[in-house]
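A structural walkthrough
Here are the chains, one letter per residue:
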Protein chains: 2
Amino acid sequence: MKRIMIIEDETTLRDELSILLKNAGYEPVAVTDYSNVSEQMKSSYSDLILLDINLPNVNGETLLQDFRKSNDTPVIMLTSRTTEIDEVLSMSYGADDYITKPYNPTILLLRISAVLKRSAKVGAVQKYHDVEVSTVKGSLTRNGSEQILTKNEMIIFQQLLDRQGEIVTRDELMTALWDNDEFVNDNALSVNVSRLRGKLAELGLPEAIETRKKQGYVLK
Amino acid sequence: MKRIMIIEDETTLRDELSILLKNAGYEPVAVTDYSNVSEQMKSSYSDLILLDINLPNVNGETLLQDFRKSNDTPVIMLTSRTTEIDEVLSMSYGADDYITKPYNPTILLLRISAVLKRSAKVGAVQKYHDVEVSTVKGSLTRNGSEQILTKNEMIIFQQLLDRQGEIVTRDELMTALWDNDEFVNDNALSVNVSRLRGKLAELGLPEAIETRKKQGYVLK
DNA sequence: AAATCAAGTTTCAGATTTGTAACTTTGACG
DNA sequence: CGTCAAAGTTACAAATCTGAAACTTGATTT
């Protein structure tokens, strides 16, 4: 489930957002104490942040710019006046999208889903729980210890991660791994999954990949 | 410079858009012949497409759905209808965003920049000109021919692609490739760049990586 | 023009990755 | 339980990847 942090000072609006997001299957986390927003943004993990540009005693632009120095979490800006759009445009703020208030709930959900879909594929640093996934380097890092995945292992892990919690069939994995014309021993997949499991176990996650006999695999 | 294709039948509006985009630093490409829009969308490369949903004799939604089967280029719909349902529908047809006419130039530019930023992050299928870059598989594909990059080659290419047009120093590449503590022959980088160049040459891009003596490399 | 130096290329041996084969384990179903 | 097919594991050889070394190229400096 995707966790979405809400940074919005109008209580009514904040509660509305929370309910809307919860109903849409997200896990909303509302920030209520604005004295240390910056710390809260940096310290607690979320998949996306909804950030009101007009917070009391806080400059949303500076806040975001500062946050961006250390974090790639996608941010959608909430702006209330049309005139603000010019400010937003003129600065290199680092937001991934913006919504003008008052917003249409359907549109907001669509934008959230669009931003999440895109950022899920970021090559630089993806996350699986507390594991950092670098597709380019082909590495998994957890608590400072690192495992280097081979190309095949990375392809399998990526497929499972893209559809975390869902069953991915062996056929789908085979298609992702090998061209249709090149014949491969059906067992080769088992071998590669086994190797991937070995490396996940080294990171303290021996049960991350679950087998569903006759169906496929699930990344928990 | 980002190339934006404009598909809009009202001449005045089209010209206005061209000028607006050019002034904002984009390269506008206006489609004027509507008899084969679909082919033009598919055949000529652009970073983003502005598509009028109401073209004479063409159903914009069908056009988009068809286009999406083979292409991930972001599309912003231009629509004159204002009911919410239409907006929602156009996004579910595969559009990345929509704008209702008459549109505010500032808003339009903002949306373009947001969509481009989002799509620039896609890790699964990045683009270098007309080359498809798959980080996970470590492959480059151009005109149907594919080259498999090794991990090192991919890291170098990714670094250069991230900062396309800028000079990336040899030191920066070395840092991305090897941990500081492990000693590697300085020449190893030259070898890896050479190998990467060889593969790019196989794809018909022998000059893609330029050497700047004493400074670094630039991906053109 | 010669000297110098950064970068490119080729070759080679060690390391890693990979699919296959043979064998073991698991769990569903009678 | 016992059977049996599906999935897991291990060992191994072939293919690929990789850095070092030796040598070449090309540009800049003297």
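Refer to the preceding data block for the structure.
Right, let's walk through the structure included here. (Residues numbered from 1 in each chain as written. Chains lettered and ligands numbered in written order. Predicted model: local features only at pLDDT ≥ 70, side-chain atom pairs only at ≥ 80, totals over all residues. Heavy atoms only, no water.)

A word on the sheet that holds strand β3 (residues 48–52) of chain A. All names here are of chain A. The 5 strands are arranged β2-β1-β3-β6-β7 in an open sheet whose pairing can be described as parallel. Single-partner strands in this sheet number two, and they are β2 (27–30) and β7 (97–100). Taking each pair of neighbouring strands and ignoring which way they run, the sheet shows an average axis angle of 20 degrees. The pairing of β3 with strand β6 (residues 75–79) spans 4 bridges and is parallel. (Pairing = 2+ DSSP bridges. Helix = DSSP H or I, 4+ residues; strand = E, 2+ residues; numbered from the N terminus. Axes fitted to C-alpha atoms, helices over the stretch in contact; angles between N-to-C directions.)

The subject of this paragraph is the packing of helix α6 (residues 151–162) of chain A against helix α7 (residues 170–177) of chain A. Residues and elements named next belong to chain A. Where α6 meets α7, the axes come as close as 10 Å, and the angle between the chain directions of the two elements is 135 degrees. Judged on the interaxial angle alone, α7 and α6 are oblique. Where α6 crosses over α7, the two elements pack in a sense that is right-handed. Contacts from Asn152, Ile155, Ile156 and Gln159 of α6 reach α7 at Leu173, Ala176 and Leu177. Looking at side-chain class alone, the contact of α6 with α7 contains 5 nonpolar, 2 polar and no charged residues. (Parallel < 35°, antiparallel > 145°, perpendicular 65-115°, else oblique. Left-handed = near helix turned anticlockwise from the far one by under 90°. Contact = heavy atoms within 4.5 Å. Nonpolar A, V, L, I, M, F, W, Y, C, P; charged D, E, K, R; others polar.)

On to the packing of aromatic side chains. Residues and elements named next belong to chain A. Using the criterion set out here, one finds 2 aromatic pairs over all chains in the structure. Judged by centre distance (5.7 Å) and plane angle (85 degrees), the ring pair of tyrosine 128 and phenylalanine 157 falls under edge-to-face. One end of the pair, tyrosine 128, is in strand β8 (residues 126–128); the other, phenylalanine 157, is in helix α6, and 29 residues separate them in sequence. (Phe/Tyr/Trp six-rings, centres within 6.5 Å; stacked < 30°, edge-to-face > 60°.)

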